[in-house]
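Structural description and commentary
Here is what each chain is made of, one letter per residue.
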Amino acid sequence: MNRVIRRGILGQAFSAATAIALALPVFAQEPAPPFDKWRPKAGVYAEPGKNFQSNCDDSGGLTVDLGERSVNGHEWGCKVKKIIDLGPVSLKIDMVCNDYNLAQNINPRDPNWENRQFNEVMFIKRLDAATISVQKSLNGRLKDAPWRAAYCPVATQRARAEATLRDPVEAKQKADQERALKEAHPRDGVYATAGAEFDDRCATFNDTIVAFSGKSITTASNICKIENTRVQLPDTVRIDAVCTLHAASGREAVSVQDPNTIPNRENLMFKKIDDKTVILWIIDNGRFTGDGRKLSCCSDQVQRAYAGPPPPASRARNSQGHQETSISEKPAPAWVRAGNTNFRDDAILSVFCPTRQQ
């Protein structure tokens, strides 16, 4: 009897102890608190030694900015995809990189080697407050041993920071300049001098055809192949062109001087008045001829006719009985002669000069 009572008491005590244990927090099973995430200081690093300062001044051997997700070296650059903490002061970094030298060495015949990308890894470990150990893969393989990189002096870091701030400003300035250069060029299209016969000169394409995209200019007297252009902001384009007189040019035709006889080779000049009007100067004997010819952009209908494929040729006899070539025999643009007939009116008008105000 006493034995049974003793077993019951012990069983109840064990159950109570078990219940208390289950009710209490299980501290032993909680994960250890994570260590603070260490990151290398953003900036320029170079290998310590006698060339340390010069390497720093030349942007060093390594630029690390994990906040901006970038790592760059000499002629290679990487975008950081993933950062893995291996310990309190060590990292593994997964990257996608451009490496010009590696791309050419792997396949020098690849026409798109400049755009080739490589999946790489980098290991970085803190050695002291100013030095890290770096190991980077090459084409996905860790071939080179880790190397030491020291943080460059404050002057180098300041210069890098200032350059980083300048980059967007300089990019905007470059874009503005390129836009200004583009706007200085007359639009391609059919032009003619204003006056009573303006529509006739437009319809027969026998005044001026501007085709910077095709590197050619056809004037009333000359056919010119553009060799080079130089923009004088904000509205003038000087042109080096090789020109020949039309076979049917009259005695009053003005020949364009051979660029080989001109020091700067510039023998034509356009001044843009607005999107519809330009002034064309031809150089003769080293001087621009007169006040230039003021040309206006012809109508949308003329631009469409010039851009479209030529209709079948037709001939008619004039009052003297001689055959005349109609407008349908005028040559089409180069891209039409090449067989490109997939064009639309809106595409044509976006390429050519706007309609002249009537």
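Residues numbered from 1 in each chain as written. Predicted model: local features only at pLDDT ≥ 70, side-chain atom pairs only at ≥ 80, totals over all residues. Heavy atoms only, no water.

Below, the discussion takes up the overall build of the protein. Looking only at helices and strands, the protein has 8 helices and 19 strands in total. Looking at the protein as a whole, 32% of its 358 residues qualify as buried. Residue pairs at least 24 apart in sequence account for 48% of intrachain contacts in the protein once pairs closer than 6 positions are excluded. (Helix = DSSP H or I, 4+ residues; strand = E, 2+ residues; numbered from the N terminus. Buried < 20%, exposed > 50% of the residue type's maximum accessible area, 1.4 Å probe, protein only. Contact = heavy atoms within 4.5 Å.)

One pass over the full model with this rule turns up 10 salt bridges. Here Asp207 makes a salt bridge to Arg293, at a shortest N to O gap of 2.9 Å. Of this pair, Asp207 sits in the loop between α5 (198-203) and β10 (208-211) while Arg293 is found in strand β17 (residues 293-297), placing the two residues 86 residues apart along the sequence. The class of Asp207 is buried, set by a relative accessible area of 3%. Here Arg230 ties to Glu266 by a salt bridge, and the two come within 2.5 Å at their closest N and O atoms. (Salt bridge = Lys/Arg side-chain N within 4 Å of Asp/Glu carboxyl O.)

This part is about the confidence of the model for the protein. Scored by pLDDT, the protein comes out at a mean of 77, with 73% of its residues at no less than 70. For residues 1-6, every residue scores under 50 in pLDDT, and the model assigns this stretch 0 contacts once sequence neighbours within four places are set aside. Predicted confidence for residues 16-33 stays below pLDDT 50, and this span has 0 contacts to residues more than four positions away or in other chains. (pLDDT = per-residue confidence, 0-100.)

Turning our attention to the sheet that holds strand β2 (residues 62-65). Judged by pairing direction, the barrel is antiparallel, and its 8 strands sit side by side in the order β1-β2-β3-β4-β5-β6-β7-β8 before closing back on the first. The sheet shows a mean angle of 35° between the axes of neighbouring strands, direction not considered. Of the pairings in the sheet, the one linking strand β7 (residues 131-136) to strand β8 (residues 147-151) comprises 4 bridges and is antiparallel in character. For Thr131, the partnering residue across the bridge sits in β8 and is Ala150. (Pairing = 2+ DSSP bridges. Axes fitted to C-alpha atoms, helices over the stretch in contact; angles between N-to-C directions.)

Per the stated rule, a full pass over the model turns up 4 disulfides. What pairs with Cys56 in a disulfide is Cys152, and their sulfur atoms sit 2.1 Å apart. The sign of the -85° torsion about the S-S bond sets the Cys56-Cys152 disulfide as left-handed. Of this pair, Cys56 sits in helix α2 (residues 52-57) while Cys152 is found in the loop between β8 and α4 (154-184), placing the two residues 96 residues apart along the sequence. (Disulfide = S-S within 2.5 Å.)

Approximately 340 Å³ is the volume found for the second largest pocket. Looking at the lining of the second largest pocket, the elements with two or more residues in it are β2, β3 (70-73), β4 (76-87), β5 (90-99) and α4. Tallying contributions element by element places β4 first for the lining of the second largest pocket, with 4 residues. Taken together, the residues of the lining of the second largest pocket break down into 3 nonpolar, 7 polar and 5 charged. (1 Å grid on protein atoms, 1.4 Å probe; cavity = no way out; pocket = protein on both sides within 12 Å on 5 of 7 lines; lining within 4 Å. Points joined across faces, edges and corners; volume = space filled by probe spheres on them. Nonpolar A, V, L, I, M, F, W, Y, C, P; charged D, E, K, R; others polar.)

Here the focus is the pairing of β17. Pairing of strand β9 (residues 189-193) with β17, which is carried by 3 bridges, proceeds in the antiparallel orientation. Paired with Thr193 across the strands is Leu295, a residue of β17. Sheet topology note: the strand β15 (residues 277-284)/β17 ladder contains 4 bridges and is antiparallel. Paired with Val278 across the two strands is Leu295, which belongs to β17.

Time to look at the packing of aromatic side chains. If you walk through the whole model with that rule in mind, you get 3 aromatic pairs. Between Tyr45 and Tyr151 the ring centres are 5.2 Å apart and the planes differ by 70°, which places this aromatic pair in the edge-to-face class. Of the two residues, Tyr45 sits in strand β1 (residues 43-46) while Tyr151 sits in strand β8, which places them 106 residues apart along the sequence. Seen from their ring centres, Phe205 and Tyr306 are 5.3 Å apart, and the 80° between their planes marks the pair as edge-to-face. (Phe/Tyr/Trp six-rings, centres within 6.5 Å; stacked < 30°, edge-to-face > 60°.)

A word on the pairing of β5. Consecutive residues of a regular strand have side chains that alternate between opposite faces of the sheet. Across the 10 residues of β5, 7 count as buried, placing the element largely inside the fold. The pairing of β4 with β5 spans 10 bridges and is classified as antiparallel. Across the sheet, residue Trp76 finds its bridge partner in β5, namely Asp99. Sheet topology note: the β5/strand β6 (residues 118-128) ladder contains 8 bridges and is antiparallel. Residue pairing in the sheet places Asp94 in a bridge with Val121 of β6.

Below, the discussion takes up the nonpolar core. General note: in soluble globular proteins, nonpolar side chains tend to be found buried as a group. Counting 19 residues, the largest nonpolar core has Tyr191, Phe212, Ile217, Cys224, Ile239, Leu268 and Phe270 as its most contacted members. Counting residues per element, this core draws most heavily on strand β13 (residues 236-245), at 4 residues. Non-local contacts of Ile217, meaning those with residues more than four positions away in its chain, are made with Ile209, Asn222, Ile223, Cys224, Ile226, Ile239, Leu268 and Phe270. Of all hydrophobic cores here, the second largest spans 18 residues; its members include Trp38, Tyr45, Leu62 and Val64. (Core = buried A, V, L, I, M, F, W, Y, C linked by side-chain atoms within 4.5 Å.)

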